[in-house]
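One-letter residues, chain by chain:
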Amino acid sequence: MTDLRADGAAALEWAARYLERVSGLPVLAQVKPGEIRARLPAAPPEEPEPFEDVLRDLDELLMPGITHWQHPRYFAYFAATSSEPAILAELLAATLNSVAILWRTAPASTELEALVLEWVAQLLGLPGGWHGHIEDSASTSTLAALTAARESTGREFVVCSEQAHSSVDKAARMLGMSLRKVSCDGEFRMRPDELGDLTDAAAVVATVGTTATTSVDPVPAIADACETAGAWLHVDAAYAGSAMVCPEHRWAFQGVDRADSLVVNAHKWMLTPNDCSLLWSRRPEDLRRAFSLVPEVLRTPEAEDALSLSEYGPALGRRFRSLKLWAVLRCHGRAGLQDHVRRGVELAAMFEGWVAEAPGWELCAPRPFSVVCFRMRGEDERNRRLLKRVNACGEIFISHTVLNGRYVLRLAVGQMRTTEEDVRAAWEVLKREALEL
Ligand SMILES: Cc1ncc(COP(=O)(O)O)c(C=O)c1O
């Protein structure tokens, strides 16, 4: 049995205490596959159990299996933050359980979603009037965009760079479309002179902030080629899009105003917890043609005037995701979002400087935003062993990539709680473990 007030207070206290103590926990879960499952009962309880038992087992059984994304020394993949206003809004959204299958089932959710997408468009300097909605992930956003591109062009192949995210490959595979990869220049940006003949291309996916190095494809030249060939331009700015809240990073969005669709993950660098992927399009009618399917049971008298966002993407039942983003935008404001991005970029630049000056280490790619690609000079195997040692110690968590056939380490700053001391600690751990190899 659950008492919402008493158990709710305990859960909130748990959340607040967790955020206070998370920096003292090992960042990467120090368990083996299957270990957590083995601690849990194989069958569900027959009788109701008190919520306090759930909270107790979260601590005792599950916590060892948590990799702490909220840890200030989380530097792997793209570090992300679930900030306090969004944590609270998630509770409220679950309380309301608005399910936006149609406008009438969730008018506030639907209209707030459209509004917050307009707000974020303003914050990022995007053109006015684009249609925007929220998908669960950039993978789904890109799938939706490519579905619309095929609908719009009647063509069957997709073009992206060899540095594009695997979600483009996955979307093409799911849609049965073929994919051609364009090579990159020395700084991991798509080479527009290698785009070739696009007359059969449904879409070109350009990336602003690639996953490995955060490189920025030359969107204006790619937009020219798309325009000439009548191909759809989809821009994947899943990570770096949030940085456009700062005018000094807007150079990276040059030409994005010519995109047919754009994805930015608020759940990456915009202080919003998973899942919250923002998809805009200046061709909403193509999305609607691709996805609108309204069976008799879902027909409503107001259908003509009201916007049902389920007609613009794969899902019918849609969560009230805009509530948490609204809370983030209101409680951090433009200034808070800018501070967050700037601090991340500054800390990454600091780390980059230390690597650049250290004998025996090298930088492996330019650093436009808050991700540093680096390695120990010498064999890949030593770098591989270093990564393993560093992550096993639990003090920091970083990840890797492969660039030009070489094994490369990646340090991604993006956690709101990360300070200079944390980045300094990461560098000390790396140097210490390198000596132990
Ligand atoms: C550039 C880029 N696009 C797409 C994705 C996929 O994001 P999601 O996990 O929201 O599907 C990522 C993930 O890191 C990414 O870096």
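Look a little higher up for the structure.
Calculation notes
Residues numbered from 1 in each chain as written. Predicted model: local features only at pLDDT ≥ 70, side-chain atom pairs only at ≥ 80, totals over all residues. Heavy atoms only, no water. Helix = DSSP H or I, 4+ residues; strand = E, 2+ residues; numbered from the N terminus. Rg over C-alpha atoms; globule rule 2.2 N^0.38 Å. Buried < 20%, exposed > 50% of the residue type's maximum accessible area, 1.4 Å probe, protein only. Areas by Shrake-Rupley, 256 points an atom, 1.4 Å probe, with all protein chains shown as cover. Lys, Arg positive; Asp, Glu negative; His and termini not counted. Charge placed at Lys NZ, Arg CZ, Asp CG, Glu CD. Salt bridge = Lys/Arg side-chain N within 4 Å of Asp/Glu carboxyl O. Near = heavy atom within 4 Å. Polar contact = N/O pair within 3.5 Å; in protein donor to acceptor, adjacent residues only side chain to side chain. Nonpolar A, V, L, I, M, F, W, Y, C, P; charged D, E, K, R; others polar. Pairing = 2+ DSSP bridges. Axes fitted to C-alpha atoms, helices over the stretch in contact; angles between N-to-C directions. Contact = heavy atoms within 4.5 Å.

Engineer: Could you clarify how one ought to interpret the overall build of the protein chain in this entry?
Structural biologist: Secondary structure assignment for the protein chain yields 13 helices and 11 strands. For the protein chain, the C-alpha radius of gyration of 23 Å lies close to 22 Å, the compact-globule estimate for 437 residues. Principal-axis analysis of the C-alpha atoms places the extent of the protein chain at approximately 65 × 60 × 45 Å. Looking at the 437 residues of the protein chain, the share that counts as buried comes to 52%. As displayed, the protein chain has an accessible area near 19800 Å², and 53% of this comes from carbon and sulfur atoms. Positive and negative charge centroids in the protein chain, built from 47 and 60 side chains respectively, lie 4 Å apart.

Engineer: Explain the pattern of salt bridges here, please?
Structural biologist: Two side chains with opposite charge may pair up if their charged atoms get near one another. The tally for this structure, following the rule as stated, stands at 36 salt bridges. The salt bridge involving E84 is made with R417; its shortest N-O contact spans 3.6 Å. With E84 in helix 4 (residues 84-96) and R417 in the loop between strand 11 (406-412) and helix 13 (420-436), this residue pair connects regions lying 333 residues apart in the sequence. A residue is classified by how much of its surface remains accessible, and E84, at 37% relative accessible area, is partly exposed. A salt bridge links R318 to E113, with the nearest nitrogen and oxygen atoms 2.7 Å apart. Of the two residues, R318 is situated in the loop between helix 10 (284-291) and helix 11 (322-357) and E113 in helix 5 (residues 107-124); the sequence distance between them amounts to 205 residues. The residues R318 and E113 share a single accessibility class, namely buried. When salt bridges that share partners are traced, they join E90, D275, R319, R321 and K324 into one network.

Engineer: Hey, could you run me through the site of the ligand in this one?
Structural biologist: Taken together, 13 residues form the shell around the ligand, and within it A138, S139, T211, D236 and N265 come nearest. The contact in question runs from an oxygen atom of the ligand to an N or O atom on the side chain of T211, over 2.9 Å. One of the side-chain N or O atoms of D236 is found 2.6 Å from a nitrogen atom in the ligand. Contact with the protein chains removes 84% of the 390 Å² of surface that the ligand exposes when unbound. Elements represented by at least two residues in the shell around the ligand include exactly helix 6 (138-153) and helix 9 (266-269). For the shell around the ligand, the class distribution of residues is 3 nonpolar, 8 polar and 2 charged.

Engineer: Please clarify how the sheet that holds strand 10 (residues 399-403) should be interpreted in this entry.
Structural biologist: Two strands in a sheet stick together by hydrogen bonds in their backbones, pointing the same way (parallel) or opposite ways (antiparallel). Reading across the sheet, the 4 strands line up as 8-9-11-10 and stay open at both edges, with antiparallel pairing between neighbours. Two strands bound the open sheet, and with one partner strand each, they are strand 8 (361-363) and strand 10. Neighbour-to-neighbour, the strand axes of this sheet turn through a mean angle of 40°, independent of strand direction. The pairing of strand 9 (residues 371-376) with strand 11 spans 4 bridges and is antiparallel. Its bridge partner lying in strand 11, F374 is registered against L409. Across the sheet, helix 11 is in contact with strand 8, strand 9 and strand 11; its angle to strand 9 comes to roughly 20°. Lying over the sheet, helix 13 contacts strand 8, strand 9 and strand 11, oriented at roughly 135° with respect to strand 8.

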